[in-house]
Amino acid sequence: MQVLKFGGSSVATAANINKVVAIVLLAVKKEPVLLVVSALSGVTDALLQTGKYAETGNEDYKIVLKELEQKHLNTVRELLPIQQQSATLSLVKQKFNELEGIADGVFLLGELSNRTKDRLASYGEILSSLIIAAKVNSVPFVQQWVDSRLLICTNANYGNATVDFIVSNQNIQQFFSNNLAQLYIAPGFIAADANHNTTTLGRGGSDYTSAIYAAALKASVLEIWTDVSGMMTADPRLVNNAKPIQQISYQEAMELSHFGAKIIYPPTIQPVMAQNIPVWIKNTFAPNEHGTLVENTSAISNNIIRGISSINKISLLSLEGTGMIGIPGFSKRLFEALANETVNVILITQSSSEHSICVGINEVDTDKAKQAIDHAFSYEISYGKVEPLKVETGLSIVALVGEQMKSHPGISGKMFGVLGRNGINVRAIAQGSSEKNISAVLSSIDVQKAINVLHEEFFETTFKQLNVFIAGTGNVGSKLLMQLNKQFNYLQEHLRLQIRVIGLANSKNILLNEEGVDLANWKETLLASPNGSIQDFVLAIKNLNLRNSVFVDVTANATVAGVYAHLLEKSISVVACNKIACSSSYASYQQLKSLAREFNALFLFETNVGAGLPVIGTLNDLLRSGDQVKKIQAVLSGTLNFVFNNYNGTLPFAQVVQEAQNEGYTEPDPRLDLGGTDVMRKIMILAREAGKQLEMEDISNEYFLPAKCFEGSVADFYAEMEKQEPHFKAIYDAAAAKGCKLKFVATYENGKAAVGLQHIPVDSDFYHLYGKDNLVLFFTERYPEQPLVIKGAGAGAEVTASGVFADIIRVARV
């Protein structure tokens, strides 16, 4: 005997039922089949709704019943040839007459008992099974409709009855031994108590019905047909890259179903496991796909984890107190109080000090659980031996499941490490000694993010996904977006890294797309996007709560720099091209570094010094490997180097500066460069990274610009430079007379920093520095006389964007 069960979506319409019949007729050619069916999709809920309406005196129950009747009549008309419809249509009308009588009684009494609810709900499966029996009545096989209420016996716990397996097995075995049909059709979900009152087996109980039949008959196989191709490594509604599980053990399937996997009803496994009956989970709409095979042992796999599941709407109850330590019986009293109120405990954890015990329960049971526990421990609470019960709601449980976790070290560390790096706080942890699952309680807000990061960590062999939010779409930002677009396929193929730009913001507009912004036409899309501030952008990033999120700042805006702390506190890494944050007060700089460490995020700012040159990274590598910096000498302004490499007195100084700005080498206000402020910021950042507590006012600056150049607007600045041309010519002539070049040099030595224009002789490392190049010399304990040299382009949108790009990739590699 084979047992095939089809769920509500599989029998939702006449077209679907035809698919079911085709699958069943194919199976019955091999050996006899018992077909167990659910109600048509949505019918059980609608039937229960009629009871609620009738109980409250709402005559809409009649409308709902009429709609349900019409739905079933239409299904019959679509399913059966017209000459075969009459008897089945009459049968459907008869059943709805019975239903109307029950609902009328509820309406008159104004009372809906659990027993009556079960009777109402049972008609869904009865109707669907009778209609399907009529459909297969014409096939050349002996077939018989089976009333499950006559065979499956339960207690009188209406709504979720407990099966009496001894009686049920006897009934089933006797019935099938006395009948020789090749095809049996039975309604799932329903049963009866010892007094022959209709009971139900709980929502999802049709799976359970099929397992009860299969175990009693020692079936060769139990097939559960649904609308997906088997169990998945995670809920595909939450994880786009969820993968099918081809084979799984009974124990793993039970763990996954207990922790929220909806494909199979949790009690289903137990009866078939006892008889070692294989279970196939198949797709009605893709019958040739493999599906999932559930057997006694799971196949050896490279994936230690078999699947990830979750339960939502969980409450955490914590009982704490010094009066619990060393006193036996507290746990017994706690669970006894919950059991007396029929509260199911989903998760348990207790500290080794015995100072506290924590349990997870369904949120709907919270109030009665709290009352029961507070009453049970009222004496201890009143004398301060135990604190009043602490209740936390809005929680969920996420569980990793896999038999191969047993005695395999590092799984827990990997799990909690990746959750921590994504700012997901774990409220409680539980792991059984069998080591088949690790469960974590966390905020329901973080469930989708948690499941995605865990799935990526344990199952993704294709790529890691990085979700990037960029503030600033000017010169550097545009180049960065172009580079990201160009390298998308390369990164995915060679680094197994998928970088998706989820959000863009400029000074006016905010563009967000959870599936990724189309970088081929981002300008037009951003222009048409809603207005918003940087605060709105940050709020949207937090609310999206995506895994592996990175905020990239390619502005020069102080307000944007001011949001870093809020992002780091949410474990969102920050990549800053903007120098303002790192060159603000030392306390602010240290706070950001500290927040990054505390919340497992990265705060990277390589492009703050030297654009795309690896200056900060090299300095950090020296320090981490135990070296000590003695002195730093550097030309850190690509702008100033370009200006003094191109000024020789033949063209006005103002014209050379204008050319540098046109090339994109300067800050929006060139005075930040020419006044040395930008260089001061850069040497201060290097000094801080080298371990020195330094502020801007601690740095000496030998200005070469006349004071009047700092007055007024940028236009006024250019006008004043033209007036001051003799001053600039004199500076150049003085250097040229000595055979020297002019370079704006930054120095850090013995804890002091200085910047200023210097005459550079021909034997200096700085003499042969051309164009917009930067040069940094690190004199350290390991490089005392011959310094470590970093040289290259230190300005320009293209190289700066590439430095930002490199920092983004560094985030991904953590």
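A short tour of the structure in this document, coming up. Sequence order as written defines residue numbering, which begins from 1 separately in each chain. The predicted origin of the model limits local features to residues at a pLDDT of at least 70 and limits the giving and counting of side-chain atom pairs to 80 or more, whereas totals for whole chains, interfaces and linings rest on all residues. Heavy atoms from the whole structure form the basis of all side-chain values; hydrogens and water molecules are not counted.

### Details of the overall build of the chain
Here is step 1: If you tally the helices and strands in the chain, you get 28 helices and 28 strands.
Here is step 2: C-alpha atoms define the radius of gyration in this analysis, and the globule rule sets the expected value at 2.2 Å times the number of residues to the power 0.38. Compactness check: the chain gives a C-alpha radius of gyration of 36 Å against a globular reference of 28 Å for 814 residues, more than 25% above the reference.
Here is step 3: A principal-axis box enclosing the C-alpha atoms of the chain has dimensions of 120 × 70 × 55 Å.
Here is step 4: Put simply, of all contacts in the chain between residues at least 6 apart along the chain, 72% involve residues at least 24 apart.
Here is step 5: When the accessible surface of the chain is summed, it comes to about 35,000 Å², and 49% of that surface belongs to carbon and sulfur atoms.
Here is step 6: When the 69 positive and 79 negative side-chain charges of the chain are each reduced to one mean point, those points stand 3 Å apart. For the purposes of this entry, the term helix denotes a DSSP run of H or I that reaches at least four residues, the term strand denotes a run of E that reaches at least two, and both are numbered from the N terminus. Residues count as neighbours in contact if any of their non-hydrogen atoms are within 4.5 Å of one another. For the accessible areas, the method is Shrake-Rupley and the probe is 1.4 Å, while residue cover comes only from the protein chains on display. In this tally, Asp and Glu contribute negative charge and Lys and Arg positive charge; neither His nor the terminal groups of the chain are included. A charged residue contributes its charge at one atom only: NZ of Lys, CZ of Arg, CG of Asp or CD of Glu.

### A look at the environment of Lys135
Here is step 1: Considering the arrangement of structural elements, one finds Lys135 in helix H5 (residues 114-135).
Here is step 2: Considered as a pair, Lys135 and Ala14 are 121 residues apart in the sequence and their alpha carbons are 10.0 Å apart.
Here is step 3: A distance of 3.4 Å separates polar atoms of two side chains, one belonging to Lys135 and the other to Asn18. Polar contacts, as used here, are pairs of N or O atoms within 3.5 Å; protein pairs need one atom able to donate a hydrogen and one able to accept it. Residues neighboring in sequence count only if both atoms are side-chain atoms.

### What about the side chain of Asn578?
Here is step 1: Topologically, Asn578 is positioned in the loop between strand S21 (573-576) and helix H20 (586-598).
Here is step 2: Throughout, exposure labels follow a simple rule: accessible area from a 1.4 Å probe, protein chains only, divided by the maximum for the residue type, with under 20% read as buried, over 50% as exposed, and the rest as partly exposed. Overall, the relative accessible area of 1% leaves Asn578 in the buried class.
Here is step 3: Only 3.0 Å separates the side chain of Asn578 from the side chain of Asp553, close enough to count as a polar contact.
Here is step 4: Dropping the residues within four chain positions of it, Asn578 is found in contact with Asp553, Thr555, Ala556, Asn557, Ala561, Tyr564 and Asn608.

### What about the packing of aromatic side chains?
Here is step 1: Stacked, tilted and edge-to-face are the three classes applied to pairs of Phe, Tyr and Trp rings, where Trp contributes its six-membered ring and a pair requires centres within 6.5 Å; stacked means planes under 30 degrees apart, edge-to-face means over 60, and tilted covers the rest. The final tally for this structure, using the stated rule, is 25 aromatic pairs.
Here is step 2: Taken together through their ring pairs, the aromatic side chains of Phe644, Tyr647, Phe653, Phe704, Phe728, Tyr732 and Phe744 make up a single cluster.
Here is step 3: Both a distance and an angle decide whether a charge sits over a ring: NZ of Lys or CZ of Arg must be within 6 Å of the ring centre and within 35 degrees of the ring normal. Here the basic side chain of Arg688 rests over the ring of Tyr589, its NZ or CZ set 5.3 Å away from the ring centre.

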